[in-house]
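# Breakdown of the fold
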Amino acid sequence: MIEIQNKQDIRKLDIGQIKSWMADHGEKSFRAKQIYEWIWKKSANSFAEMTNLSLGTRQLMDEHFVIHSMDVAKQQQSNDGTIKSAFRLFDGNLVEGVLIPAADRMTACVSSQVGCSLTCKFCATGYMDRKRNLEAGEIYDQVVAIARQAEGSFKAPLTNIVYMGMGEPLLNYSNVLKSIEHITSPEGLNMSPKRITVSTAGIAKMIKKLGDDEVRFRLALSLHAANDAKRNQIMPINESNSLDNLAEALNYFYQKTGNRITFEYIVFNNFNDTLEDAKELWQFCKRVPARVNIIEYNPIAEADFKNTEADRLNKFAAFLEDRGVSVHVRRSRGKDIDAACGQLANKETA
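Residue positions are given per chain, counted from 1 along the sequence in the order it is written. Side-chain atom pairs in this predicted model are given and counted only at pLDDT of 80 or more, local residue features only at pLDDT of at least 70, and totals for whole chains, interfaces and linings cover all residues. To obtain the side-chain values, all non-hydrogen atoms of the structure were included, while hydrogens and water were left out.

## What to know about the overall build of the protein
The line we're drawing: Note on conventions: DSSP H or I runs of at least 4 residues are helices, E runs of at least 2 residues are strands, and numbering of each starts at the N terminus. We compute the radius of gyration over the C-alpha atoms and compare it with the globule rule, which gives 2.2 Å times the number of residues raised to the power 0.38. Residue exposure (1.4 Å probe, protein chains only): buried if accessible area is under 20% of the type maximum, exposed if over 50%, otherwise partly exposed. Whether two residues touch is decided by their heavy atoms; if any such pair falls within 4.5 Å, the residues are in contact.
Per the secondary structure count, the protein includes 11 helices and 14 strands. The C-alpha atoms of the protein give 21 Å as radius of gyration, which agrees with the globular expectation for 350 residues (20 Å, within 12%). Oriented by its inertia axes, the alpha-carbon framework of the protein measures out at about 70 × 40 × 35 Å. Out of the 350 residues in the protein, the part that is buried amounts to 55%. A separation of at least 24 residues holds for 66% of the contacts in the protein among residues at least 6 apart in sequence.

What follows is the structure in structure tokens.
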């Protein structure tokens, strides 16, 4: 462990920095492009794999750098095919990621932090401490591992990525955007940014920054209540990021990017599932161009919330649809292995 700590993770360097380092150590500058390709296009996790480099160059790199790769500490498969993985990071910390298979797509749900600091009352991760942000390479590694699971278990390529796992992506802004750059770049995994959705609990100033940076991926807001009093109860972040502030930020983001916004709305029994709640959500949708994902709640031991009844859910969705809102009811996947929305907490391997 001491040896690893004394070496820099080469994935923290851009290609220009690698090129400069190579020149300073008497190596040809074109080697930097080869190394960069091995790291981000071929997903190498050791210098030994870089077989078009001379043995001497590989040894030189190994003396000065490390690739902080991760491994799968535990893998579980749900009855519905969903695969949850606990990924062990180089420092021993754990995060979870999920492969969600469907007939028309393969979706990776990835984490952006070890734990979370936002303390949302319905989310298992919110009851954990935030230990640290993930590096861009650690987020990238989750995508690579889950893509391999899709190919290995379902003979299908990964088609979509959602940043909806552990942590708040916009509180790890730089690393999240760097990871997406490596995932979407032709020099990386070359996935379309339109296939990537970043989900936030709602941090207005960072949503505006996404607009200023003119990101090309899609944005989802974990809304779950369309009035401030209820949202404050379940999401303390709302106390400093009110719905008015979020509406302003989301419209700014949309004007800057033209990218679709999704509202995620978990329906809790006897809390936010009445027709009056649906009316408030409809009114909020008139303020921001967005579609709505209505999500079944997945109970956790730490909270007393329950999923709404099917009849109430259907009436809620119908109310919105009748008023022209684009609605999709998202059924839970992987509940039997605690892989569903809001259930990630490293319970099995912590």
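## Digging into the packing of aromatic side chains
The criterion, for reference: Aromatic pairs are defined between Phe, Tyr and Trp rings, using the six-membered ring for Trp, whenever the two ring centres lie within 6.5 Å; interplanar angles under 30 degrees are classed as stacked, those over 60 as edge-to-face, and all others as tilted. Think of it as a cone above the ring: NZ of Lys or CZ of Arg counts as a charge over the ring if it is within 6 Å of the ring centre and within 35 degrees of the ring normal.
The tally for this structure, following the rule as stated, stands at 11 aromatic pairs. Taking the centre distance of 6.3 Å and the plane angle of 80° together, the rings of tyrosine 297 and phenylalanine 305 count as edge-to-face. Ring-pair connections join several aromatic residues into one group, and the members of that group are Phe122, Phe268, Phe271, Tyr297 and Phe305. If you follow lysine 230 out to its NZ or CZ, it ends over the ring of phenylalanine 271, 5.6 Å from the centre.

## A short note on the packing of helix H5 (residues 136-154) against helix H6 (residues 173-184)
Rule in force here: Between N-to-C directions, angles span 0 to 180 degrees; the directions come from axes that are lines fitted to C-alpha atoms, helices contributing only their stretch in contact. Between 65 and 115 degrees an angle is taken as roughly perpendicular, under 35 as roughly parallel, over 145 as roughly antiparallel, and anywhere else as oblique. For any helix crossing, the convention is left-handed if the near helix is rotated counterclockwise from the far helix by under a right angle, and right-handed if that rotation is clockwise. Under the grouping applied here, Gly and all other residues not named as nonpolar or charged are polar, the nonpolar ones being Ala, Val, Leu, Ile, Met, Phe, Trp, Tyr, Cys and Pro and the charged ones Asp, Glu, Lys and Arg.
At their nearest, the axes of H5 and H6 sit 8 Å apart, and the two run at 45° to each other. Taken together, the axes of H5 and H6 lie oblique to each other. Between H5 and H6 the crossing geometry is right-handed. Residues Ala136, Ile139, Tyr140 and Val143 of H5 pack against Asn175, Val176, Lys178, Ser179, His182 and Ile183 of H6. Considered class by class, the residues forming the contact of H5 with H6 number six nonpolar, three polar and one charged.

## A few points about the UniProt feature "binding site: [4Fe-4S] cluster" (unreviewed entry) in the protein
Operational definition: UniProt positions are given in the numbering used here, feature names are shortened, and annotations may be inferred rather than shown by experiment.
Annotation from UniProt places "binding site: [4Fe-4S] cluster" (unreviewed entry) at Cys116, Cys120 and Cys123. Apart from residues lying up to four places away in sequence, cysteine 116 is in contact with Thr125, Met128, Asp129, Arg130, Gly167 and Glu168. If you trace the backbone, cysteine 123 turns up in the loop between strand S7 (113-114) and strand S8 (132-133). Cysteine 123 sits in the buried class, given a relative accessible area of 18%.

## Topic: the side chain of glutamine 34
For glutamine 34, the location among the structural elements is in helix H3 (residues 30-40). On the accessibility criterion, glutamine 34 (19% relative accessible area) is buried.

## Side note on the sheet that holds strand S9 (residues 160-163)
Selection rule: Paired strands are those between which DSSP finds at least two bridges.
One open sheet accounts for 10 strands, arranged S3-S4-S5-S6-S9-S10-S11-S12-S13-S14; its pairing is mixed. Every other strand in the sheet has two partners, leaving strand S3 (71-77) and strand S14 (327-330) as the edge strands with one partner each. Neighbour-to-neighbour, the strand axes of the sheet open up by a mean angle of 20°, direction not taken into account. Taken together, the four bridges between strand S10 (residues 196-200) and strand S11 (residues 218-222) define a ladder with parallel strand orientation. Paired with serine 199 across the two strands is alanine 220, which belongs to S11. The strands that H5 touches are S3, strand S4 (83-88), strand S5 (94-101), strand S6 (106-109) and S9; relative to S5, the one it contacts most, it runs at about 40°.

## Comments concerning the nonpolar core
Applicable threshold: Throughout, nonpolar core names a set of buried Ala, Val, Leu, Ile, Met, Phe, Trp, Tyr and Cys residues whose side chains join them through atoms within 4.5 Å.
In this structure, Ile10, Tyr163, Phe263 and Leu281 are the most contacted members of the largest nonpolar core, which totals 103 residues. For this core, the element with the highest residue contribution is H5, accounting for seven residues. Not counting residues within four places of it along the chain, the set of residues in contact with isoleucine 10 comprises Ile18, Ile35, Ile39, Phe47, Met61, Phe65, Val66 and Ile67.

## Quick look at the pairing of S6
Taking every second residue as pointing to the same face, both faces of S6 are buried, with Met106 and Ala108 on one and Thr107 and Cys109 on the other. Bridge analysis of S5 against S6 gives four bridges, and the strand direction is antiparallel. The partner of leucine 99 across the bridge, within S6, is alanine 108. Adjacent in sequence and paired antiparallel, S5 and S6 are bridged by four residues. Relative to S9, S6 runs parallel, the two being bridged by three bridges.

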